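Letter by letter, the chains look like this.
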Amino acid sequence: AGGAGGSAPPEGEGATDESSDESSPRSLGEMRRAGAELRVIGELVAQTEAWEEEAEKMLSSERVRVEELEALLRRGEALPLASDARDYLAAAYSDAQRWEKAARGLVGSDARIEEVQKLLKEYVKGNLHSDAMEELRARAREGEAWLREARDLFDDCGIELPDLTAVLRSDQADLYCVCRQPDDLQRLMLACDTCEVWYHMHCVGVPPAKAKQLAASNDEFECPACARKSGKPYPFSARVKKVPPKKTPRASEVAELLRKADQLRVCVEEAALLRDAHAACLEWHAKEAPKLLDALSATTPAADP
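Calculation notes
- Residues numbered from 1 in each chain as written.
- Predicted model: local features only at pLDDT ≥ 70, side-chain atom pairs only at ≥ 80, totals over all residues.
- Heavy atoms only, no water.
- Helix = DSSP H or I, 4+ residues; strand = E, 2+ residues; numbered from the N terminus.
- Contact = heavy atoms within 4.5 Å.
- Areas by Shrake-Rupley, 256 points an atom, 1.4 Å probe, with all protein chains shown as cover.
- Buried < 20%, exposed > 50% of the residue type's maximum accessible area, 1.4 Å probe, protein only.
- Salt bridge = Lys/Arg side-chain N within 4 Å of Asp/Glu carboxyl O.
- Expected span 1.5 Å × (residues − 1).
- Arc of directions from axis to C-beta.
- Core = buried A, V, L, I, M, F, W, Y, C linked by side-chain atoms within 4.5 Å.
- Lys, Arg positive; Asp, Glu negative; His and termini not counted.
- Polar contact = N/O pair within 3.5 Å; in protein donor to acceptor, adjacent residues only side chain to side chain.
- Axes fitted to C-alpha atoms, helices over the stretch in contact; angles between N-to-C directions.
- Parallel < 35°, antiparallel > 145°, perpendicular 65-115°, else oblique.
- Left-handed = near helix turned anticlockwise from the far one by under 90°.
- Nonpolar A, V, L, I, M, F, W, Y, C, P; charged D, E, K, R; others polar.

A.B. asks: What am I meant to see in the overall build of the protein chain here?
C.D. replies: Helix and strand counts for the protein chain stand at 11 helices and 2 strands. Across the protein chain, helices and strands are ordered from the amino to the carboxyl terminus as α-α-α-α-α-α-β-β-α-α-α-α-α. Pairs at least 24 apart in sequence give 60% of the contacts found in the protein chain among residues at least 6 apart. Accessible area for the protein chain stands at about 21000 Å²; split by element, carbon and sulfur atoms hold 52% of it.

And the structure:
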């Protein structure tokens, strides 16, 4: 007991664990592999950052072609690291593809001018550079110039409708009121209980409150003409007392404008409406002009022999 040798150390105490020795072959191999992996990751991060810088520069540039977007996007898709810039570039590429496809669909002269104008507005908002844009812009300008000329031709025609399209659509429509205008679906109207003709409340001077009162009490409304025929005083102050003059364009002026419409490289709805109105005018003229000439001849005194 208590001899020089003492008691043996516990099992494992003081022993060297070969696996924890930093200089062991296994530890050195793992460190080398980890270092190599870190270098690869570092290279990938650097490549991704460099690609993101290119992508941000392209996305912020004034104009870029769809082929350039595609090439850079494919390079970004080959990188194994996630990137928000890649999502933004993919969205920009998708928009550019959609625009180019839409532009290819508008190559013919049957493309509506509204569709061409819409596509041009989208182009201005983005940063796409497309060779199709200049031709689209030229075609839109041609259609817009024709529309300005058509509006000028009908500007003082006396048809009280909000725009040229409504004026042309009203051709051969029913006419109402003292003003002999088509229904614009905006001004309030009421019907005469005697002649059953519809009148604009503004034209015959009926205030809205009085019109409501007439409707609520089932009182009859008599227009100025019917009141005059029956010898009754008209209770309101009519604003329009005779048919305002109309100054519709001559058929020859319309024909010239239609010849210009035939040269357009876009489809303008107003041109088709004007063509229908012109055809109806020619048809009426061929049918009614002989009758009018005969009637005029019948009322003209014969010349002395």
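Now, onward.
A.B. asks: Explanation requested: unusual backbone geometry in the structure shown.
C.D. replies: In this structure, Leu 185 takes a positive phi of about 60° despite not being glycine. One can find Leu 185 in the loop between helix H6 (164–169) and strand E1 (189–191). Accessibility expressed as a relative area gives 75% for Leu 185, which makes it exposed. Phi is positive for Asn 218, close to 60°, though the residue is something other than glycine. The topology assignment puts Asn 218 in the loop between helix H8 (208–217) and helix H9 (224–230).

A.B. asks: Teacher, can you tell me more about the pattern of salt bridges here?
C.D. replies: Note on pairing: side chains with opposite charge can pair once their charged atoms come close. Evaluated as defined, the whole model comprises 15 salt bridges. The shortest N-O distance in the salt bridge between Arg 65 and Asp 131 comes to 3.2 Å. You can see Arg 65 sitting in the loop between helix H1 (25–60) and helix H2 (66–77) and its partner Asp 131 sitting in the loop between helix H4 (113–125) and helix H5 (132–154), a full 66 residues away along the chain. Given the relative accessible area of 59%, Asp 131 is considered exposed. In this structure, Glu 149 engages Lys 260 in a salt bridge whose closest nitrogen and oxygen atoms are separated by 2.7 Å.

A.B. asks: Sorry if this is basic, but what is going on with the environment of Gln 97 here?
C.D. replies: Here Gln 97 is to be found in helix H3 (residues 84–104). Sequence separation of Gln 97 and Glu 70 is 27 residues, and the distance between their C-alpha atoms is 9.5 Å.

A.B. asks: Is there a simple way to think about H2 in this case?
C.D. replies: Every α-helix carries 3.6 residues per turn, so stepping three or four residues along brings you back to the same face. Over its 12 residues, H2 extends 16 Å from the first C-alpha to the last, a length consistent with the 16 Å expected when each residue adds 1.5 Å. Residues Val 66, Leu 69, Leu 72, Leu 73 and Gly 76 constitute the buried set of H2. The arc that holds the buried residues of H2, viewed along the axis, is 130°, so those residues lie on one side.

A.B. asks: Any chance you could explain the nonpolar core here in plain terms?
C.D. replies: Side chains that are nonpolar tend, in soluble globular proteins, to be buried together. Grouped together as the largest cluster of nonpolar side chains are 46 residues, with contacts concentrated most on Trp 99, Val 116, Leu 136, Trp 146, Val 268 and Leu 274. Looking at this core, the elements that each hand over two or more residues are H1, H2, H3, H4, H5, H6, helix H10 (251–261) and helix H11 (269–299). Considering each element in turn, this core owes the most residues, 7 residues, to H5. Sequence-distant contacts of Trp 99, defined by excluding residues within four places in its chain, comprise Leu 119, Glu 122, Tyr 123, Leu 128, Ser 130, Ala 132, Met 133 and Leu 136. Residues Cys 192, Tyr 199, Val 206 and Cys 226 belong to the second largest nonpolar core, which totals 20 residues.

A.B. asks: Explain the side chain of Glu 270 to me, please; I cannot follow it from the model alone.
C.D. replies: Of note, Glu 270 is situated in helix H11. Although Glu 270 lies buried, it forms no salt bridge, and the closest oppositely charged side chain, Arg 151, sits 5.2 Å away as judged by the N-O distance. For Glu 270, the side chain forms a polar contact with the side chain of Thr 165, separated by 2.5 Å. Sequence-distant contacts of Glu 270, that is, excluding residues within four places in its chain, are made with Trp 146, Leu 147, Leu 164, Thr 165 and Leu 168.

A.B. asks: What is the right way to read the packing of H3 against H4 from this model?
C.D. replies: Packed helices, taken two at a time, are described by the angle between their axes plus the distance between the axes. Put simply, H3 and H4 touch, their axes get as near as 11 Å, and they point 155° apart. Between H3 and H4, the angle is such that the two are roughly antiparallel. Our pair here, H3 against H4, has a crossing hand that is left-handed. Seen from H3, the contacting residues are Arg 98, Trp 99, Ala 102 and Ala 103; seen from H4, they are Leu 119, Glu 122 and Tyr 123. In terms of residue class, the contact of H3 with H4 is made up of 5 nonpolar, no polar and 2 charged.

Just geometry here; none of it tells us what the structure is for.
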